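Fold and contact review
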Amino acid sequence: MKKSDLHLHSNFSDGSETPEELLNSIKAAQIVTFSLTDHDTIAGCEKMKTLVPPEINFIRGVELTCETEEFGCHILGYRYNEGDKGLSDLIDKGKKLRRVKLERRIEYLRDVWGINLTQDELDWLNSRPSVVKTHFANILVNRKLAIDTVSAMKKYLDACVVPNTKFSSEEAINTLIEAGAIPVWAHPLGGEGEVHIGKGEFLKRLDFMKSLGIKGIECYYSRYSQDEIDFLLEQAKAHGLLISGGSDYHGKNKTVKIGALSVDGLEVSEENLTVVSTLKSKDLK
């Protein structure tokens, strides 16, 4: 079976592994088609494309953090055109907004908790293309102020009020389409640590996402049961949407196993993912 995993993160966003380390994990798991989908940055893909051997299919990807008027969501964009100005401008816009959020969290740790970050810690944060709570949590865990990143975020960061840095779903999907990418709704029933929505709410949201131009849904996901996967597969086929699947692997920053596309660790072949067959008909490099 030719295994695929279309939802992976490197340390260019909130994963723990460098692109080199991630590629080693991919090889060890015998995955032959994968996508690097870092949050709101494509810098990791720029590095990854120089590393992947010919026998492995690498699909350029990105995961955009979005919201509608009623709910938050993540949009995966597969095989964007390299150098697309619209996508680059959107990513730069997000980077500037996240810089404000970064400064707010630094001030919060100092003013509320009396935690002053060292210059080395500040330099490390400032060197990241995309800084999220996990990066701060890793610093706190390394200082032995928390036992893991989840408890660190809950205790020290969750109460910090920060400005909104999410893209509008319409803007994100339009930008991806104009960049030649296939926009896919990531973990549509709910992601890591979220309460999963019911079928009625999903169908309501699906109608809205289709109106914005979504082309596929992530049916296989490491936090979904077989019943949830079967429901999503049924809906994808009924609505003429592409089927995608990914583990949402973050290395040591999550307990997700690479290549695991269900809560029971299901591994999925390329043939199960219609989005892969669509992408493989194009030049992926």
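Before reading further, recall that the structure is shown in the block above.
This structure is a prediction, so every number in the text was calculated from the model and none was measured. (Residues numbered from 1 in each chain as written. Predicted model: local features only at pLDDT ≥ 70, side-chain atom pairs only at ≥ 80, totals over all residues. Heavy atoms only, no water.)

To continue, consider the layout of surface pockets. Empty space within the second largest pocket amounts to approximately 150 Å³. What lines the second largest pocket is simply N11, S13, G15, S16, W124, H135, N138, I139, N142 and N253. Looking at the lining of the second largest pocket, the element that brings in the most residues is helix α5 (residues 133-142), giving 4 residues. Grouping the amino acids of the lining of the second largest pocket by side-chain chemistry returns 2 nonpolar, 8 polar and no charged. (1 Å grid on protein atoms, 1.4 Å probe; cavity = no way out; pocket = protein on both sides within 12 Å on 5 of 7 lines; lining within 4 Å. Points joined across faces, edges and corners; volume = space filled by probe spheres on them. Helix = DSSP H or I, 4+ residues; strand = E, 2+ residues; numbered from the N terminus. Nonpolar A, V, L, I, M, F, W, Y, C, P; charged D, E, K, R; others polar.)

Of note, E121 is situated in helix α4 (residues 119-127). Ignoring anything within four residues of it in the chain, the contact list for E121 reads N116, I139 and R143. (Contact = heavy atoms within 4.5 Å.)

Let us look at the pattern of salt bridges. The tally for this structure, following the rule as stated, stands at 15 salt bridges. The partner of E171 in a salt bridge is K93, with the nearest N and O atoms 3.1 Å apart. On the criterion of sequence distance, the pair formed by E171 in helix α7 (residues 169-178) and K93 in helix α3 (residues 85-113) is long-range, its members being 78 residues apart. Residue E171 is classed as partly exposed on the basis of its relative accessible area, which comes to 26%. As a salt-bridge pair, E192 and R223 come within 2.7 Å of each other at their nearest N and O atoms. Of this pair, E192 sits in the loop between β6 (182-185) and α8 (199-212) while R223 sits in the loop between β7 (216-221) and α9 (226-238); the two residues are 31 residues apart in sequence, bridging distant segments of the chain. If you follow the salt bridges from partner to partner, you end up with E46, K49, R60 and E82 in one network. (Salt bridge = Lys/Arg side-chain N within 4 Å of Asp/Glu carboxyl O. Buried < 20%, exposed > 50% of the residue type's maximum accessible area, 1.4 Å probe, protein only.)

This part is about the packing of aromatic side chains. All chains considered together, the criterion is met by 7 aromatic pairs. With a centroid separation of 6.4 Å and 80 degrees between ring planes, the pair formed by F71 and F208 is classed as edge-to-face. Linking F71 in the loop between β3 (57-67) and β4 (72-78) with F208 in helix α8, this pair joins segments that are 137 residues apart in sequence. Among the aromatic side chains, those forming a connected cluster through ring pairs are F71, W185, F202, F208 and F231. Cation over ring: R60 sits above Y80, and NZ or CZ is 5.6 Å from the ring centre. (Phe/Tyr/Trp six-rings, centres within 6.5 Å; stacked < 30°, edge-to-face > 60°. Lys NZ or Arg CZ within 6 Å of the ring centre and 35° of its normal.)

Bringing unusual backbone geometry into the picture now. Unlike most non-glycine residues, Q30 shows phi in positive territory, near 60 degrees. Mapped onto the fold, Q30 is located in the loop between α1 (19-28) and β2 (31-36). Phi at D248 is positive, roughly 70 degrees, even though this residue is not glycine. Tracing the backbone through its elements, the reader meets D248 in the loop between β8 (242-246) and α10 (274-280).

The biggest cluster of nonpolar side chains holds 66 residues, and the ones touching the most others in it are F34, W185, F202, I217, Y220 and V275. If we ignore the near neighbours within four places in the chain, the residues touching Y220 are I229, L233, I243, S244, G245, G246, L261, L266, V268, N272 and L273. (Core = buried A, V, L, I, M, F, W, Y, C linked by side-chain atoms within 4.5 Å.)

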